[in-house]
Amino acid sequence: MNFRNLTVVSLITALNTVFMPVNFACYSVAAYAGQDKPLNSHVNEEEATNIRIYKNANKAVVNISTVSVNENPYLNLVPHEGFGSGTVISTDGYILTNFHVIQHANTLRVTIFDGTVLTGNIVGVDPANDLAVLKIGLPPAIKLTVIPYGDSSKLEVGARVLAIGNPFGLDRTMTQGIISSLGRTLKLENGRLIKGIIQTDAAINPGNSGGPLLDTQGKLIGITTAILSRSGQSAGIGLAIPINIAKQIVPQLITNHQVIRPDLGIQAVQMLDSGLRVTKLDENGPAALAGICGPKLSVYKQGPFTIQSIDVTAADIITGIDDIVVHSADDLLSYLELKKPGQVVTLTVLRGGHKIKIPVTLTTTKAI
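It should be emphasised that the depicted structure is a prediction, and the values quoted were computed from it without experimental measurement. Counting from 1, residues in each chain are numbered in the order their sequence is written. With pLDDT at 70 or above as the cut-off, local features in this predicted model cover only qualifying residues; side-chain atom pairs require 80 or more to be listed or tallied, and sums for whole chains, interfaces and linings still use all residues. Side-chain descriptors were evaluated using all non-hydrogen atoms of the structure, hydrogens and water having been removed beforehand.

Novice: Before we move on, could you go through the overall build of the protein and cite the residues and values that matter?
Specialist: Here a strand is any run of E in DSSP of at least two residues, a helix any run of H or I of at least four, and the numbering for each starts at the N terminus. Within the protein, the regular secondary structure consists of five helices and 25 strands. The buried label applies to any residue whose accessible area, calculated with a 1.4 Å probe on protein chains only, is under 20% of its type's maximum; exposed applies above 50%, and partly exposed to all values in between. Expressed as a percentage of the 368 residues in the protein, the buried residues total 46%. Partitioning the intrachain contacts of the protein with sequence separation of at least 6 by distance along the chain shows that 60% fall at a separation of at least 24. Any pair of residues with heavy atoms lying within 4.5 Å of one another is described as a contacting pair.

Set out below in structure tokens:
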């Protein structure tokens, strides 16, 4: 299969392959009646497991309707509506979904299991892992179902999984498949990589994003996020963010409304064979204060004109951090995520043909 010929439907890519975030559909179909019929005795063991899981979990899946406002060429405001999914993670109304589902929304409407439509409020977002937490206010009479967390570190290729979501707005639709592979890498628009992605052949379509991927114990092992497809619809290659990533992030989003990450103060780098050239530096950031050099700006007069030139070759080239060799921006960022603000890392840089080591005290990254 020539993955390079896939239809470009998104800027989310992985390993030079184009993925589509499965977020919105242009249809919304109510499907609340008949979801919880009594179990038929004439079913086999696998069917009984599927039915049990669906009965226990389907009420914990919500439909997220987003309304964004765009300007048309005549400067009129045009509302645009889309649909995604969300997973209830607490009885008091916290919902986990994908960041790309709610990214451009001006208004969020959350439809719960009984058809009640509630306003969703964004609690916190983590674009680096395409995750977001919403909160809904519940009427006293409504009790939410919560799907218990599983452990995505114990998954095996070949294990059966089930996905529940709202493909094309069809509420609480369940599909099944297997884990096709583990450890895939998904590249986001900002260049960051989400590692350890779960690949499954369970049918995932537009509208599924943010819904749960479940194991046969009915536990939450992933959040369905993207598909690989020529048509923009399921082609048997779906991707889900492992729940162990979400477990680390959700408490921070609820408490701090962001993920507190250490900041090095280097805003952009250029990949070279010799390392990472610093191309953009926060002048007041920790790296600059520690003595890391970015491109050199020269200003000079030529007749009546003032000319500026930037010499990128004057910038430091990072070759390592704490004696660990780095080859890409993701190598550097992945290592930094193991650290905390206030800790010191030592950058090895190439400057004027010589390697020098510069300690840098990390600060707190700015909120998005």
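Novice: Would you mind going over the side chain of His100 in detail, with residue names and values included?
Specialist: In this fold, His100 is placed in helix H2 (residues 99-102). Residue classification places His100 among the buried positions, given a relative accessible area of 9%. Side-chain atoms alone can form a polar contact between residues adjacent in sequence; in general such a contact is a pair of N or O atoms within 3.5 Å, and within protein one must be able to donate a hydrogen while the other accepts it. In this structure the side chain of His100 is engaged in a polar contact, spanning 2.9 Å, whose partner is the side chain of Ser209.

Novice: Explain the environment of Gln270 residue by residue, including any values.
Specialist: With respect to the helices and strands, the residue Gln270 is situated in strand S17 (residues 266-272). When the C-alpha atoms of Gln270 and Ser328 are compared, they prove to be 8.7 Å apart, with 58 residues separating the residues in sequence. Aside from chain neighbours lying at most four places away, what touches Gln270 is Gly275, Leu276, Arg277 and Thr279.

Novice: Mind laying out unusual backbone geometry, listing which residues take part and the relevant values?
Specialist: Of note in the backbone geometry, His257 takes a positive phi value of approximately 65° without being a glycine. Mapped onto the fold, His257 is located in the loop between helix H3 (243-256) and strand S16 (262-263). On the basis of relative accessible area, His257 is assigned to the partly exposed category, the value being 49%. Positive phi values are uncommon outside glycine, yet Asp323 reaches one of about 65°. Here Asp323 shows up in the loop between strand S21 (317-321) and strand S22 (324-325).

Novice: Pulling in residues and values, what's your account of the nonpolar core?
Specialist: Side-chain atoms within 4.5 Å are what join buried Ala, Val, Leu, Ile, Met, Phe, Trp, Tyr and Cys residues into a set we call a nonpolar core. In terms of nonpolar packing, the biggest core is built from 49 residues, with Leu96, Ile102 and Ile112 touching the most fellow members. Here the element with the most residues in this core is H3; it accounts for six residues. In this structure, Ile292, Leu332, Ile358 and Val360 belong to the second largest nonpolar core, which totals 19 residues.

Novice: Tell me about the packing of aromatic side chains, residues and numbers included.
Specialist: The rule is short: rings of Phe, Tyr and Trp, with Trp giving its six-membered ring, pair when the centres are within 6.5 Å, and they are stacked under 30 degrees, edge-to-face over 60, tilted in between. Applying the stated criterion across every chain, the model contains zero aromatic pairs. Here, over-ring charges are defined by two tests on the NZ atom of lysine or the CZ atom of arginine: distance to the ring centre within 6 Å, and angle to the ring normal within 35 degrees. It is Lys135 that lies over the ring of Tyr94; its NZ or CZ is 5.3 Å from the centre.

Novice: Go over the confidence of the model for the protein, please, and point to the residues and values.
Specialist: Values of pLDDT, the confidence the predictor places in each residue, fall between 0 and 100. Predicted confidence across the protein gives a mean pLDDT of 82, with 81% of residues reaching 70 or more. Looking over the protein, one finds the lowest element-wise mean pLDDT in strand S1 (residues 13-14), namely 30, and the highest in strand S6 (residues 94-97), namely 97. The low-confidence segment residues 1-34, where pLDDT is below 50, has 105 contacts with residues more than four positions distant or belonging to other chains. A low-confidence stretch, residues 74-80 (pLDDT under 50), is modelled with 16 contacts involving residues beyond four sequence positions or located in other chains.

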